[in-house]
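Inside the fold
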Amino acid sequence: MARAQDDDLGRLREVWRDVLRRDPDQELFHGVVRAVLESIGPVLVEHPEYAEVVGRLCEPERVIAFRVPWVDDAGTVQVNRGFRVEFNSALGPYKGGLRFAPSVTLDVVKFLGFEQVFKNALTGQDIGGGKGGADVDPKQLSPGEMMRFCQSFATELAGHVGSSTDVPAGDMGVGPREIGWILGQYQRVVGLHEPGAFTGKPAALGGSALRPEATGYGTVYFTQRMLAEQDRDLDGARVVVSGSGNVALFAMDKVIASGGTVVGCSDSRGAVAEPDGVDVDALREVKDQGGSVADYAEKRSGATAGDGSPFTVDCDVALPCATQNEIGPDEARALVANGCWAVAEGANGPVTPEALAVLRKGGVAFGPGKAANAGGVAVSALEMQQAAGRERWSAEVVDEQLAAIMTDVHARARDAGERYCGDPSDLENGANAAGFLRVAEAMTSLGVV
Ligand code: NDP
């Protein structure tokens, strides 16, 4: 066994060298690959037969990059770059969102796609992992421009996706409206009525009840499981939720419904502290009208706006729900100093590796995004099931399944943390180990493909 262990660790080092050599500038991708490689050593001791899988797992099955030409309202031709990374289909059709943001690059899409493989495996559902998007700034586009952009994007995407091959959903900058437009053009190009090719659709097109709420609600359900392990709960807790988009606003709703108080929030333009509690309906109204959290704070006597981080606000629980790299070492130190109990990632990659080390040392419980925010993709998979069976489930039925799936995701990460790291609270390494096991078993069974 000792010999096998040396060989396997050597294999992991070789895979890591190959990842760096092939794409030396993809730092976000390197970060997530490294985290997984560091987690799976103990799994390979128990399962040396899975060592061969690691190199294949770190290389996407397919990378699609394409031009997205469109005409703006002034009649000028604009060109953006679109991506779809079909990372791994061992467990099922590629599944993962589309992100429209100026910061989208191949590195961003590969980082998100790799995370998605493990996240989807952790849900226990039969879905592979993929991710896509385009480097467009949705805030600069009128509705007409956005529809034309989505149609151009979908025209190219149509050749690669489908209900049994690759089923994209929304992500930052892509909501039900955009998914509806992408689906409309997709069906026109392929000549089929195939709503099951996309999830996160508007309800009128077969979108699942509770899909918009799922990521935010699921993050809170996961946080409740983490707190239960410490004999705590959200009732009476002070919670900072960063961001004020889809994930953040529904997470805030669920925190409040669970008896907590949202004492801080943020957006891309700044942060707000409000010790008496953010009024989520008022915040939602301001954001729907294109305003900022600072505009919201102006209307509230107890709220203070600033351009720093929301994570310096004194809190018991922090839910970063905006974007990657929001919590660096400084924010982590502030959370530790303020006695924060737990941090759970509603967003993908908001806590940097350096910050995670600070949180660990400070005894703050940590829920990694690939587990904590898996509720969105889980309900997307339920939407696929509804489309396949031509059924519509009520919000109550979906919510019950979502809560059960998040409980299972937490249990899988906790149990693997205990088995492979001797620490049930190590959900980061546990989630990587549990996700890897499921994908590796399927990949091994499929042979070298
Ligand atoms: P939205 O576009 O709806 O919201 C994003 C929010 O983050 C906005 O409030 C935005 O500010 C804010 N934001 C963006 N960039 C920054 C920044 N640099 N600093 C501070 N705030 C910023 O996206 P979602 O809510 O859908 O997604 C949020 C995160 O959750 C992403 O990491 C996404 O990948 C992840 N996720 C989303 C899922 C989903 O179902 N939607 C599923 C799983 C994960 P502003 O309002 O000013 O634009």
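Residues numbered from 1 in each chain as written. Predicted model: local features only at pLDDT ≥ 70, side-chain atom pairs only at ≥ 80, totals over all residues. Heavy atoms only, no water.

**Focus on the pairing of strand S4 (residues 129-134)**
Taken across its six residues, S4 has six buried, putting it largely inside the fold. Of the strand pairs in this sheet, strand S2 (residues 77-88) and S4 are connected by six bridges, and their pairing is antiparallel. By the bridge assignment, Gly82 is partnered in S4 with Ala134. Here three bridges tie strand S3 (residues 94-100) to S4, and the two strands are oriented parallel to one another. The residue bridging Leu98 from the neighbouring strand is Gly132, located in S4. (Buried < 20%, exposed > 50% of the residue type's maximum accessible area, 1.4 Å probe, protein only. Helix = DSSP H or I, 4+ residues; strand = E, 2+ residues; numbered from the N terminus. Pairing = 2+ DSSP bridges.)

**Here's the deal with the sheet that holds strand S7 (residues 261-267)**
By way of backbone hydrogen bonds, the strands of a sheet pair with one another, either parallel or antiparallel. Spatial strand order, S9-S8-S7-S6-S10-S11-S12: seven strands in an open sheet with mixed pairing. Looking at the sheet topology across the chains shown, the edges are occupied by strand S9 (304-306) and strand S12 (365-367). Across the sheet, the mean angle from the axis of one strand to that of its neighbour is 15°, orientation sign disregarded. Bridge count for strand S11 (residues 342-344) against S12 is three bridges, and the pairing is parallel. In the strand pairing of S12, Val343 is matched with Phe366. (Axes fitted to C-alpha atoms, helices over the stretch in contact; angles between N-to-C directions.)

**Some points on the sheet that holds S4**
As summarised here, the arrangement of the five strands in space is S1-S2-S4-S3-S5, forming an open sheet in which the pairing is mixed. Two strands close off the open sheet at either side, each with one partner strand: strand S1 (62-71) and strand S5 (166-170). Sheet twist, expressed as the average angle between the axes of neighbouring strands with direction ignored, equals 20°. In the sheet, S1 pairs with S2 via ten bridges, with the strands oriented antiparallel. Along S2, the bridge assignment pairs Ile64 with Arg84.

**Some details on the domain arrangement of the chain**
Buried accessible area, meaning the area lost when the parts come together, often serves as the stated size of an interface. Taken domain by domain, the chain comprises domain 1 (2-58), domain 2 (62-194) and domain 3 (214-363). Taken over C-alpha atoms, the centre of domain 1 sits 33 Å from the centre of domain 3. (Domains from an automatic or database assignment.)

**Let's talk about the packing of aromatic side chains**
What describes a pair of aromatic rings is the distance from one ring centre to the other and the angle between the planes of the rings. Inspection of every chain in the model, using the stated rule, returns twelve aromatic pairs. Between Phe66 and Phe153, the aromatic rings sit 5.3 Å apart at their centres with planes inclined by 50°, giving tilted as the arrangement. You can see Phe66 sitting in strand S1 and its partner Phe153 sitting in helix H6 (residues 143-157), a full 87 residues away along the chain. For the residue pair Phe66 and Phe153, the accessibility class agrees, reading buried in each case. Relative to Phe153, the ring of Phe100 has its centre 5.2 Å away and its plane inclined at 80°; by these criteria the two rings are edge-to-face. (Phe/Tyr/Trp six-rings, centres within 6.5 Å; stacked < 30°, edge-to-face > 60°.)

**Thoughts on the site of the ligand**
Around the ligand sit 22 residues in total, of which Arg99, Asp171, Thr215, Ser268 and Lys287 are the nearest. Within the backbone of Gly173, a nitrogen or oxygen atom sits 3.4 Å from an oxygen atom of the ligand. At 2.6 Å, a side-chain N or O of Ser268 approaches an oxygen atom of the ligand. Expressed as a share of its isolated accessible area of 890 Å², the protein-covered part of the ligand is 80%. A breakdown of the residues in the shell around the ligand according to their chemical character gives five nonpolar, eleven polar and six charged. Both of domain 2 (62-194) and domain 3 (214-363) provide at least three residues apiece to the shell around the ligand. (Near = heavy atom within 4 Å. Polar contact = N/O pair within 3.5 Å; in protein donor to acceptor, adjacent residues only side chain to side chain. Areas by Shrake-Rupley, 256 points an atom, 1.4 Å probe, with all protein chains shown as cover. Nonpolar A, V, L, I, M, F, W, Y, C, P; charged D, E, K, R; others polar.)

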